Amino acid sequence: MATTRSEILRALAQRVADALPVEVATEVVLTGSVSRGVADEVSDIEMLVVTSGPLELEDCFGLARAAGLEGLDTWGSRDGPARRVSGYRERVPLELIWWPREYAEAQIDALLAGEVTSTADALVHVVPLRTGGLLEAWQKRLREYPEELATAQIEEAALPWGGFTPAGVLTIARPGERLALMEWMFDGAIRVLTIVFALNRVWQPTTKRLAARVAPLATKPERLAERIEEALTEPDPRRALLVMTELQLDTVQLAPSGPNVDRARVWLGEAAKLLRDDSGRVVNRVEPPG
């Protein structure tokens, strides 16, 4: 059941969509937490507007202003056909992303070709505010997560975990190397999630509300979200790195055999042993099921 805040924001999003001219905005969909019914008091409204042709940023500003938005601004790159407009209506923050139809179709092709973004998950869970059938066609294409795509993404995600001596991980656990440690662990956490979602043939979402996102997945390491949180917040660098390394190892143990996965299993096992021996402490490891 959707939260009360989700219902309120969805109604506001519909008023914005209704104010956009049909001949320009052919498809308008609601994304983000509001579309999934989990919006709270700090949630904003995120919308994708598909247009019949490319628009200049100033055109998008004009359309947003005519739809009642104030305090307009933009973010991200201005290169390419995509446009981004942020603003407020009724004191609620909104983000509108504008895609020409041809660009939107190319984005779907890129997702099915292996591009790893949260766009596919967003499109699967959108709520149509105005649609001429494009959304249904996109969702039909995204309904199947190809096995070969999952295999390629798993192998790519496991690529950095090996190739240099496992003792190299100790260098980022030294005092004064917190930034290098966090860079490695953040990258590791994202790669763990890429593998887990690929294993479950589920399009990878953003990392917001992670515990709720991974809860329904059938194949995953035990305490996945909790262990990521623990690794990123643990003040002791060696313990933090060990928690993340063992999570990475448990993840590749679940993955199908492949050159990068097989190498990662060995390398991560050796790195975890070094960290345990070096620190003199053992983090309780949760063995993967099966």
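Notes on the structure follow.

A word on the sheet that holds strand E5 (residues 92-100). A sheet is described by the order of its strands in space; here six strands give the open sequence E3-E4-E5-E2-E1-E6, paired in mixed fashion. Among the strands making up the open sheet, the edge pair consists of strand E3 (70-73) and strand E6 (127-130). On average, each strand axis in the sheet is tilted by 25° relative to the strand beside it, whichever way the strands run. Looking at chain direction, strand E2 (residues 45-51) and E5 are connected through seven bridges and run parallel. In the sheet register, Thr51 faces E5, and the bridge partner there is Pro100. Contacts between helix H4 (residues 101-112) and the sheet are confined to E2 and E5, with E5 contributing the most and set at about 90° to the helix. Together, strand E1 (25-31), E2 and E6 form the strand contacts of helix H6 (residues 134-142), whose direction differs from that of E1 by roughly 55°.

A few words on the side chain of Arg130. With respect to the element layout, Arg130 can be found in strand E6. The side chain of Arg130 sits in the buried core without any salt bridge; Asp18 is the nearest counter-charge, 5.0 Å away. At a separation of 2.8 Å, a polar atom in the side chain of Arg130 contacts the main-chain carbonyl oxygen of Ala17.

Within the structure shown, the criterion is met by 15 salt bridges. In this structure, the salt-bridge partner of Arg265 is Asp262, at a minimum N-O distance of 3.3 Å. Of this pair, Arg265 and Asp262 both sit in helix H12 (residues 259-279), three residues apart, which is roughly one turn of the helix. Arg265 sits in the partly exposed class, given a relative accessible area of 23%.

Attention now moves to the packing of aromatic side chains. Given two aromatic rings, one states the distance between the centres and the angle between the planes to describe the pair. Counted according to the given criterion, the structure contains five aromatic pairs. Ring plane angle 80° and centroid distance 5.5 Å describe the contact between Trp99 and Tyr103, whose orientation is recorded as edge-to-face. Relative accessible area serves as the criterion here: at 8%, Trp99 is assigned to the buried category. Overall, the relative accessible area of 25% leaves Tyr103 in the partly exposed class. Taking the centre distance of 4.9 Å and the plane angle of 65° together, the rings of Phe164 and Trp267 count as edge-to-face. Here the residue Phe164 occupies a position in the loop between helix H7 (147-158) and helix H8 (178-199), and Trp267 occupies one in helix H12, the gap between them amounting to 103 residues. Linked through ring pairs, Phe164, Trp184 and Trp267 together constitute an aromatic cluster.

With that out of the way, let us pick up the packing of H4 against H6. Two elements in contact, H4 and H6, have axes separated by 10 Å at closest approach and are oriented at 10°. By the angle class used here, H4 and H6 are roughly parallel. Here Arg101, Ala104, Glu105, Ile108, Asp109, Leu111 and Leu112 of H4 lie close against H6, whose contacting residues are Leu134, Trp138, Arg141 and Leu142. For the contact of H4 with H6, a count of residues per class yields seven nonpolar, no polar and four charged.

Rules behind the numbers
- Residues numbered from 1 in each chain as written.
- Predicted model: local features only at pLDDT ≥ 70, side-chain atom pairs only at ≥ 80, totals over all residues.
- Heavy atoms only, no water.
- Pairing = 2+ DSSP bridges.
- Helix = DSSP H or I, 4+ residues; strand = E, 2+ residues; numbered from the N terminus.
- Axes fitted to C-alpha atoms, helices over the stretch in contact; angles between N-to-C directions.
- Contact = heavy atoms within 4.5 Å.
- Buried < 20%, exposed > 50% of the residue type's maximum accessible area, 1.4 Å probe, protein only.
- Lys, Arg positive; Asp, Glu negative; His and termini not counted.
- Salt bridge = Lys/Arg side-chain N within 4 Å of Asp/Glu carboxyl O.
- Polar contact = N/O pair within 3.5 Å; in protein donor to acceptor, adjacent residues only side chain to side chain.
- Phe/Tyr/Trp six-rings, centres within 6.5 Å; stacked < 30°, edge-to-face > 60°.
- Parallel < 35°, antiparallel > 145°, perpendicular 65-115°, else oblique.
- Nonpolar A, V, L, I, M, F, W, Y, C, P; charged D, E, K, R; others polar.

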